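Fold and geometry: a report
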Amino acid sequence: MKEIGHIITNFPEKFGIPRQSGLVDTKGKIIFEPQYRTKDAFKGLEKFSHIWIIWKFSESKKQNWAATVKPPRLGGNKRLGVFATRSPFRPNPIGLSSVRLERIEYDERNGTILYISGVDMVDGTPIYDIKPYLPYTDCHDDAKGGFAEEVLEYGLEVEFSEELSSVLPPEYRNSVSEILRQDPRPSYIEDSKRIYGVLYAGYNIRFYVQDDIAKVIEVQKIK
């Protein structure tokens, strides 16, 4: 498998990244390796609204795979088969994301660049391939979501004061609120006094959760 490029995102670490692509309007761009930057390789892609990205779980540190895993959304204490989940701890560390293709640009330094939204990858993630999303075959109206449907509607209310929100540039405020609403905490931790920090776009957003409310207490620009 050849790495054809890398993605640039606002997530310097895994904590806080949406659990699935498309859940939050988080932005990113794909920079390709020199041999894959030619315009010819992307001819016709501009007519598609979404793409599939095949990528590497580069932050997964475990060397061995396990037949069962504990999905965080199920509280981290119920085991399911690895092939029934999207856990990063797999026989092959391959991820799959469906994202919106916002635009395609070309510059002299980096060649063809894909600008996308709905990102669920850490900054610098290696990309193996991209493919166009085909609505007539990739979308199944009668599909079942298995155990994921049991927790689909779960989310937090977010308390984010105008004063703290204004510390963030306007284009990041909604994304940060949506990231917190998705509840990035490990589900097995129940501690209303514990302070968490999400690093996003050069800011540290610190919060705690009480009675299913994420309360932002500090927004600090990272030097």
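What you are looking at is a predicted structure, and each value in this text was computed from that prediction instead of being measured.

Regarding the sheet that holds strand β2 (residues 27-32)
Strand order around the closed barrel formed by six strands is β1-β2-β7-β6-β3-β8, with antiparallel pairing between neighbours. Between one strand axis and the next, the sheet turns by 45° as a mean value, whatever way the strands run. Of the pairings in the sheet, the one linking strand β3 (residues 50-56) to strand β6 (residues 94-107) comprises seven bridges and is antiparallel in character. Considered in β6, the bridge of I54 is made with L96.

So, the pairing of strand β11 (residues 203-210)
The side chains of a regular strand alternate, first on one face of the sheet and then on the other. As paired strands, strand β10 (residues 196-200) and β11 are joined by five bridges and run antiparallel to one another. Looking across to β11, one finds that Y196 is bridged to F207. Hairpin connection of β10 to β11: two residues between the antiparallel strands, including A201 at a positive phi of 55°. Linking β11 to strand β12 (residues 213-221), which pair antiparallel, is a turn of two residues; within it D211 sits at a positive phi near 55°.

So, the nonpolar core
A general feature of soluble globular proteins is that nonpolar side chains tend to end up buried together. Of all hydrophobic cores here, the largest spans 24 residues; its most connected members are L180, Y200, I205, F207, V216 and V219. Look past the residues within four positions of V219 in its chain and what remains in contact with it is F160, L164, V167, L168, Y203, N204 and I205. In this structure, I53, L101, L114 and I116 belong to the second largest nonpolar core, which totals 18 residues.

Remarks on the pairing of β2
Bridge count for strand β1 (residues 5-9) against β2 is five bridges, and the pairing is antiparallel. Along β2, the bridge assignment pairs I8 with K29.

Focus on helix α3 (residues 170-181)
Residues of α3 that are buried: Y172, S175, V176, I179 and L180. The arc that holds every buried residue of α3, seen down its axis, measures 135°, which confines them to one face. Facing away from the buried side of α3, by more than 90 degrees, are the exposed residues P170 and N174. In this structure, the buried residues of α3 make contact with β9 (157-159), β10, β11 and β12. Backbone geometry just after α3 places D183 at a positive phi near 65°.

Basis of the calculations
Residues numbered from 1 in each chain as written. Predicted model: local features only at pLDDT ≥ 70, side-chain atom pairs only at ≥ 80, totals over all residues. Heavy atoms only, no water. Pairing = 2+ DSSP bridges. Helix = DSSP H or I, 4+ residues; strand = E, 2+ residues; numbered from the N terminus. Axes fitted to C-alpha atoms, helices over the stretch in contact; angles between N-to-C directions. Core = buried A, V, L, I, M, F, W, Y, C linked by side-chain atoms within 4.5 Å. Buried < 20%, exposed > 50% of the residue type's maximum accessible area, 1.4 Å probe, protein only. Contact = heavy atoms within 4.5 Å. Arc of directions from axis to C-beta.

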